[in-house]
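Structural features, examined
Spelled out, the chains give:
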Amino acid sequence: GGGGGGSSTNTPATSWQTINISGGAISNFETTEYNNQSGLAQINAATAYIALQQNNLNVGGDNVLIAITDSGVDASHNDLNDNINPTGHSTFGLTDQASEFFHGTHVAGIAAAERNGNGIHGVAYNAKIVSVRVLGNNTESNWVNRVINSGAKIVNASWEYVPFGSISEVQTLIESSNEMVLLQ
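Residues numbered from 1 in each chain as written. Predicted model: local features only at pLDDT ≥ 70, side-chain atom pairs only at ≥ 80, totals over all residues. Heavy atoms only, no water.

**What about the overall build of the protein?**
Our working definition: Think of it this way: any DSSP run of H or I at least four residues long counts as a helix, any run of E at least two long counts as a strand, and we number them from the N terminus. With a 1.4 Å probe rolled over the protein chains alone, any residue whose accessible area is under 20% of its type maximum counts as buried; one over 50% counts as exposed, and the rest are partly exposed. Residue contacts are defined here by distance: any two heavy atoms, one from each residue, within 4.5 Å place the two residues in contact. Under the convention used here, a 1.4 Å probe and the Shrake-Rupley method define accessible areas, while residue burial counts only the protein chains that appear.
In terms of regular secondary structure, the protein is built from six helices and six strands. Put simply, the protein runs from its N terminus to its C terminus through helices and strands in the order α-α-α-β-β-β-α-β-α-β-α-β. Burial statistics for the protein: of 184 residues in total, 39% are counted as buried. Expressed as a percentage of contacts within the protein between residues at least 6 apart in sequence, the contacts between residues at least 24 apart total 71%. Of the roughly 9,500 Å² of accessible surface on the protein, a fraction of 49% belongs to carbon and sulfur atoms.

What follows is the structure, encoded as structure tokens:
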């Protein structure tokens, strides 16, 4: 695996371990985009990327599908447009009206904004996004089933109140989360 001259192994890490990182490897990840997204430095993402790379693990979120359950995602945003899940059934909640859907677009950017040399990049910069609109006007009524059936293994649910006032829908999602990671 890549790296900056430190020791590496081809065996995936199965428990916490110390990773020796040296040389210029971190600078390969600490780009202008990385520095523009202050949260990446706060969580030491560059160090995590190196550890993943040295263990031949998925660095950028390739083949990862993240459901953003929120106010919708601006599908035309230049840091997100290539990371929107391309299948037709997974675009509910996408919009070109960025001002109305700021929070969902913001959350999607933190999770999966592209590493394209512009703006910022997200934690999993190659992951695909499924936008499920659960907040605001024109919300999807069967959003829990759509999230469960989307194939997403990571679900962001960073809302302050329960959509539609239905605790049972959220409970269904939580009960299904043994097959996915639910971020609240």
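**Looking at unusual backbone geometry**
A positive phi is found at Asn-56, a non-glycine position, where the angle reads about 55°. By the element assignment, Asn-56 lies in the loop between helix 3 (45-54) and strand 1 (65-70). Classification of Asn-56 by relative accessible area gives partly exposed; the value is 45%. Notably, Asn-63 is not glycine yet its phi reads approximately 60°, a positive angle. Of note, Asn-63 is situated in the loop between helix 3 and strand 1.

**Focus on the confidence of the model for the protein**
Worth spelling out the cut-off: Each residue carries a pLDDT score, the predictor's confidence in it, ranging from 0 to 100.
Confidence along the protein averages 75 in pLDDT terms, with 61% of residues attaining 70 or more. This model gives residues 1-13 a pLDDT under 50, and the stretch forms 28 contacts once residues within four places in sequence are excluded.

**Things to note about a nonpolar patch on the surface**
The condition that has to hold: Candidates for patches are residues over 30% relative accessible area with no salt bridge; among them, like charges are joined within 9 Å and nonpolar side chains (Val, Leu, Ile, Met, Phe, Trp, Tyr) within 5 Å. One side-chain nitrogen of Lys or Arg within 4 Å of one carboxyl oxygen of Asp or Glu is enough to make a salt bridge.
A grouping of Ile-43, Ile-110 and Val-123 is seen on the molecular surface, where their side chains present a nonpolar patch of about 230 Å² in accessible area. With respect to the element layout, Ile-43 can be found in the loop between helix 2 (38-42) and helix 3.

**Digging into the environment of His-106**
With respect to the element layout, His-106 can be found in helix 4 (residues 102-112). Under the relative-accessibility criterion, His-106 is labelled partly exposed at 41%.

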